[in-house]
Amino acid sequence: MSTYVNLIKTLTLDIAEREGPLVEIILDGCGDRTEAEYNCFAFAHTPFLDYLMKKKSNLKQEVKDLVGETSYTRLIAVGEEVGMPAGAKGSTAVGHEVLSGVPYEHPMLTINRAINKDGIMENKEIDELLNYVIEHSSALHLLGLVSNNQEHSHIKHLYAILKAAITKGVENIYIHFFSDGRGTPPHSAPRFAEDLSDRLKEMIGDKKNINVNIATVAGRDIAMNRSKHCWSKTEKSYRAIVEGEGPKSPTLIKSLRNAYDLGLNDQYIPPAVLGDYRGFENYDGVIFWNFRKDRTEFMVRMLVDPAESFTDLLRQSGDEKYTDIERFERVKFKKDLDLSTVKVCALIEYYKDIPCPVAFNAPAYEWSLGKFLSHFSFKQFRLSGVDKAKAVALLSGGKTEELFAGEERITIPLPDDMRNYIKEYDEHKGEEGYKTDPYAKYPYLELSELTKKIIEIVSEGDNKTCVMVNMANPDMVGHTGDVMAGIKAMEKLDVAVQRITLNTLRKKGIVFITADHGNIEEMITEDGEPSTFHTRAKVPFIIVGAGDLPLRDDGTLRDVAPTLLFFALGYEHELIKNAFPGEILLK
């Protein structure tokens, strides 16, 4: 057990007895909410986590004796304290980037500053694209999540771009409507469609030459897919947008109603081509207006990445459709379309070296949790399931895909039965036998194999080993709105955390447990609708293996990285103190 040594005066910690690894467990989407109503964490039987969090617990005495005393506090995970806009809900991407220790600022703040007093977005790259469209008398295409969730997008950014385009004189505009239902209530798309329609009437006024149409629709699970095993979902939406190919529907509302009749929510709206839309034409302009990286990357890559490297990416993705693909056909049906004439602009840099103009570039960070661990010669293992593989990469600070010296990233696949059901569900959702969301039907996800792999690494690790793991169950199941599935997920998670913690303690290591944001602790809205989205709740922070140390009660996610590094080194390093805005959580 580590000994707390006059921290305030000397900022040192006696870690002589620590022989084993440091393990950071990120319980994705697990907020720390005291109210029990529709709180899956509170409803579930979680004796181990309850004990760690100093709650009443029926945990076996022999386990309590092994664990000993713990340190526990609650952290702010949203708001200006962590570089987010006031009122925004937490998110996986933001949470992990903040947990990397960097002086994070949410891209929404930068984008908001570019909207002038008249509600027009002012940006050089966007202006150049609009001028290109006007010069060629072509059309503008706007792709993004039509939502106010402030996690992936904000509808006011769409309005600001639309107003800029209409004011400049762009005459033909197509909106490709990605419906939410995950960061917003499950059937809220019609509300956003109505608001969009009303705002367009105001913007267009009496201008007879302006035509704005919603051209395609697709739920975010499809259009914003981020699972590399499901690239074929991305392609369905791509074909509708680029070539006007796919199921037809006369209007957006008709398409939404058809999906609702099948029991689907906005996440899973099947891709549809609306009205007489026929796809891109030569010299069109395209703006991706989401501001979050992970769920926009795949669609952007499909449109702009070099064909050879993109085809290799598909072959290696694990999606069986592309195992033997010779070359991905960007244009498959509309042979007169020359995509090289279509100008594309990304609102942010969705991935490193994106081969198209970027409106708002993210800052480059010199130091992060991952880089410091490498700098001090730690082996670092980052583990997750497929849904959160991009999240653990963000512990490097930003979009860094390259591994640091001593770093290994491990992605655990979903169980075969779940993967098979997801593929069948994509084809038959709403039909008999396919009415249950995959993450509600299989709430354990990859947790069993993930736990085994962590224990294996811990058993072979030493005091220069750091294991960082994302456990996605609370978030992925929380997004289904299914309370019973959420309870099952939390109970399974409790067992997994106990196994990992006990194995780490046997190695004389230390475990840190926290979360990136809330979700599963609040499964209903104030209006009585199922809550499928993230919350503004505080999150837990627990240290196991160092006794009951006094922790601050005003901490934020920014403070986790400097605290972990303090335990790793045994003292507060001046370089870390200067690089990170967060502070060590010990009083």
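Residues numbered from 1 in each chain as written. Predicted model: local features only at pLDDT ≥ 70, side-chain atom pairs only at ≥ 80, totals over all residues. Heavy atoms only, no water.

Draft legend 1. Just the confidence of the model for the protein, in detail. Averaged over all residues, the pLDDT of the protein equals 94, while 97% of them reach at least 70. Contacts for the low-pLDDT stretch residues 1-10, under 50 throughout, to residues beyond four places or in other chains number 26 contacts. (pLDDT = per-residue confidence, 0-100. Contact = heavy atoms within 4.5 Å.)

Draft legend 2. Up close: helix 8 (residues 155-168). For helix 8, spanning 14 residues, the distance from its first C-alpha to its last is 20 Å, which sits close to the expected 20 Å at 1.5 Å a residue. Among the 14 residues of helix 8, ten are classified as buried, and the element is accordingly described as predominantly covered. Every buried residue belonging to helix 8 is among Ile155, His157, Leu158, Tyr159, Ala160, Ile161, Leu162, Ala164, Ala165 and Ile166, and all of these are buried. Just downstream of helix 8 lies Gly169, where phi reads positive at about 115 degrees. (Helix = DSSP H or I, 4+ residues; strand = E, 2+ residues; numbered from the N terminus. Expected span 1.5 Å × (residues − 1). Buried < 20%, exposed > 50% of the residue type's maximum accessible area, 1.4 Å probe, protein only.)

Draft legend 3. Looking closely at the layout of surface pockets. Here the largest pocket defines a volume of roughly 530 Å³. Of all the elements in the fold, those that place two or more residues in the lining of the largest pocket are helix 13 (297-304), helix 16 (389-393) and strand 14 (407-412). By residue number, the principal contributor to the lining of the largest pocket is helix 16, which donates four residues. Among the residues making up the lining of the largest pocket, the classes are represented as eight nonpolar, four polar and eight charged. (1 Å grid on protein atoms, 1.4 Å probe; cavity = no way out; pocket = protein on both sides within 12 Å on 5 of 7 lines; lining within 4 Å. Points joined across faces, edges and corners; volume = space filled by probe spheres on them. Nonpolar A, V, L, I, M, F, W, Y, C, P; charged D, E, K, R; others polar.)

Draft legend 4. Here's a closer look at the nonpolar core. If you look at the biggest cluster of nonpolar residues, it comprises 93 residues, and the most contacted ones within it are Leu162, Phe280 and Leu303. Considering every element that reaches this core, the biggest residue donor is helix 8, with nine residues. Not counting the four nearest positions on each side in its chain, Leu303 is found in contact with Tyr238, Val242, Phe280, Val286, Phe288, Arg330, Leu339 and Val344. Membership of the second largest hydrophobic core comes to 87 residues, among which are Val78, Val82, Tyr365 and Val511. (Core = buried A, V, L, I, M, F, W, Y, C linked by side-chain atoms within 4.5 Å.)

Draft legend 5. Looking closely at the side chain of Asp32. Its place among the elements puts Asp32 in the loop between strand 3 (22-27) and helix 2 (40-43). Apart from residues lying up to four places away in sequence, Asp32 is in contact with Met53, Lys55, Tyr72, Arg74, Ala537, Lys538, Val539 and Pro540.

Draft legend 6. Representation of the sheet that holds strand 10 (residues 285-288) within the structure. Taking strand neighbours across the sheet as the criterion, the eight strands line up as 8-9-7-6-5-10-11-12 in an open arrangement whose pairing is mixed. Of all the strands in the sheet, the pair left with one neighbour each is strand 8 (248-249) and strand 12 (358-360). As paired elements, strand 5 (residues 139-145) and strand 6 (residues 172-179) share seven bridges and run parallel to each other. Residue pairing across strands places Leu140 opposite Ile173, the latter belonging to strand 6. Of the strands in this sheet, strand 5, strand 10, strand 11 (343-348) and strand 12 are in contact with helix 7 (residues 124-135), which crosses strand 11 at around 155 degrees. (Pairing = 2+ DSSP bridges. Axes fitted to C-alpha atoms, helices over the stretch in contact; angles between N-to-C directions.)

Draft legend 7. Structural view of the pairing of strand 15 (residues 465-471). With seven of its seven residues buried, strand 15 lies for the most part within the structure. Burial of the side chains of strand 15 extends over both faces: Thr465, Val467, Val469 and Met471 are buried on one face and Cys466, Met468 and Asn470 on the other. Judged from the six bridges that link them, strand 3 and strand 15 form a sheet pairing that is parallel. Across the sheet, the residue bridging to Glu24 is Met468, located in strand 15.

Draft legend 8. The pattern of salt bridges, seen in detail. Applying the stated rule across the entire model yields 36 salt bridges. The partner of Asp426 in a salt bridge is Lys233, and the shortest N-O contact between them spans 3.9 Å. Placement of the pair is Asp426 in helix 17 (residues 416-428) and Lys233 in helix 11 (residues 231-243), with a sequence separation of 193 residues. The residues Asp426 and Lys233 share a single accessibility class, namely buried. Salt bridges here are not isolated pairs; linked through shared partners, they connect Glu235, Arg239, Glu243 and Lys321. (Salt bridge = Lys/Arg side-chain N within 4 Å of Asp/Glu carboxyl O.)

Draft legend 9. Highlighting the packing of aromatic side chains. Under the definition given, this model contains 15 aromatic pairs. The interplanar angle of 15 degrees and the centroid separation of 6.3 Å between the aromatic rings of Phe372 and Phe376 together place this pair among those described as stacked. Classification of Phe376 by relative accessible area gives buried; the value is 14%. Ring pairing ties together the aromatic residues Trp231, Tyr238, Phe298, Phe310 and Phe328, which thus form one cluster. Of note, Lys441 hangs over the ring of Tyr421, and the distance from its end group to the ring centre comes to 5.3 Å. Across from the ring centre of Tyr444, 5.0 Å away, lies the NZ or CZ of Lys492, which sits over that ring. (Phe/Tyr/Trp six-rings, centres within 6.5 Å; stacked < 30°, edge-to-face > 60°. Lys NZ or Arg CZ within 6 Å of the ring centre and 35° of its normal.)

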